[in-house]
Amino acid sequence: MSRILIIEDEENLARFVELELKHDGYETDVELDGRTGLEAALNQDFDVILLDLMLPELNGIEVARRVREVKDTPIIIMTARDSVIDRVSGLDHGADDYIVKPFAIEELLARVRALLRRINIEGGANGGHQTTVNYKDLTIEKENRVVRRGDEVINLTKREYELLLILMENINVVMSRKELLSKVWGYDAKVETNVVDVYVRYLRNKIDRPGEKSYIQTVRGTGYVIRS
Ligand code: CA
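Predicted, not measured: the structure shown is a model, and the values here were computed from it. (Residues numbered from 1 in each chain as written. Predicted model: local features only at pLDDT ≥ 70, side-chain atom pairs only at ≥ 80, totals over all residues. Heavy atoms only, no water.)

**Let's talk about helix α1 (residues 11-23)**
If you check α1, its first and last C-alpha atoms are 18 Å apart, about what 13 residues at 1.5 Å a residue would give, namely 18 Å. Taken together, the buried positions of α1 are occupied by Leu-13, Ala-14, Val-17, Glu-18 and Leu-21. For α1, the angular spread of buried residues about the axis comes to 135°, placing them on one side. Residues of α1 that are exposed and point more than 90 degrees away from the buried face comprise Asn-12, Leu-19 and His-23. (Helix = DSSP H or I, 4+ residues; strand = E, 2+ residues; numbered from the N terminus. Expected span 1.5 Å × (residues − 1). Buried < 20%, exposed > 50% of the residue type's maximum accessible area, 1.4 Å probe, protein only. Arc of directions from axis to C-beta.)

Written out as structure tokens, the structure reads:
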């Protein structure tokens, strides 16, 4: 059973979210200020932390930052202020996702599920013995997340890396945009699928050599594939 910590000073909202999470089968703990929230986060093991930003005692950014110093519990920020600065600084301090208040509870539950699924996938990957994935002169060292083409190290963002890894672990399998979206971004639907096309373009710019055929092939109307 997954355990979720809710750090939120609006008690009604906290209780409502708790009730919904319990209804979905999660174990929950609610803390109503930043300081006790941080203590709970540090002293117990949670699978996900839902973190409000405007909190008494200690603000959410500070809570995220201090949690991150010692552990990598996934954090979803719940922010009332739809301000880019809040979100960016939250994500800079180690939050994994954010949701803007007021939100539909279904949306929050979907985010939690997506995050847990992504962690399970990553956990499963680390448990495997194969730590290197190869395609022609491309190599991915999974343990330290290093990508090379020949001797040259290629710097990829987290999403680019995950996208490439999935394609390379599924040589000759056409991956649809939908599948890639759900595996890399963790979302079931509703995200514009052209985000996949945009990231494939970023990835090609980094891994391909000018004038050569791209390693990643487009399958018209479907998705992408790397063919042996
Ligand atoms: Ca608040």
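Next comes the rest of the description.
**Focus on the coordination of the calcium ion**
Coordination of the calcium ion by the protein comes from Asp-9 (OD), Asp-52 (OD) and Met-54 (O), over a distance range of 2.1 to 2.3 Å. For the calcium ion, all donor residues lie on one chain, and their spacing in sequence is D-x42-D-x1-M. Highlighted residues: Asp-9 in the loop between β1 (3-7) and α1 and Met-54 in the loop between β3 (48-52) and α3 (60-70), separated in sequence by 45 residues. (Donors = N, O, S within 2.8 Å, 3.2 Å for Na, K, Ca; no water.)

**What about the side chain of Asp-208?**
With respect to the element layout, Asp-208 can be found in the loop between α8 (194-207) and β11 (217-219). Buried and unpaired, Asp-208 has Arg-149 as its nearest opposite-charge partner, separated by 4.6 Å. Not counting the four nearest positions on each side in its chain, Asp-208 is found in contact with Arg-149, Ser-214 and Tyr-215. (Lys, Arg positive; Asp, Glu negative; His and termini not counted. Salt bridge = Lys/Arg side-chain N within 4 Å of Asp/Glu carboxyl O. Contact = heavy atoms within 4.5 Å.)

**Examining the pairing of strand β5 (residues 97-100)**
Only one face of β5 is covered, namely the one carrying Asp-97 and Ile-99; the face carrying Tyr-98 and Val-100 has none of its residues buried. Alignment of strand β4 (residues 75-79) against β5, held across four bridges, turns out to be parallel. Looking across to β5, one finds that Ile-76 is bridged to Asp-97. (Pairing = 2+ DSSP bridges.)

**What about the pattern of salt bridges?**
The full count for this structure, using the stated rule, is 24 salt bridges. Across the pair Lys-101 and Glu-8 runs a salt bridge whose closest N-O atoms are separated by 2.9 Å. Of this pair, Lys-101 sits in the loop between β5 and α5 (105-127) while Glu-8 sits in the loop between β1 and α1; the two residues are 93 residues apart in sequence, bridging distant segments of the chain. Among the residues examined, Lys-101 registers a relative accessible area of 11% and is labelled buried. Of the charged contacts, one joins Arg-177 and Asp-197 as a salt bridge, the two residues approaching to 2.8 Å between their closest N and O atoms. Of this pair, Arg-177 sits in helix α7 (residues 177-185) while Asp-197 sits in helix α8, and the two are 20 residues apart along the sequence. A network of salt bridges, in which partner residues are shared, links Glu-8, Glu-10, Asp-52 and Lys-101.

These values are about where atoms sit, not about what they do.
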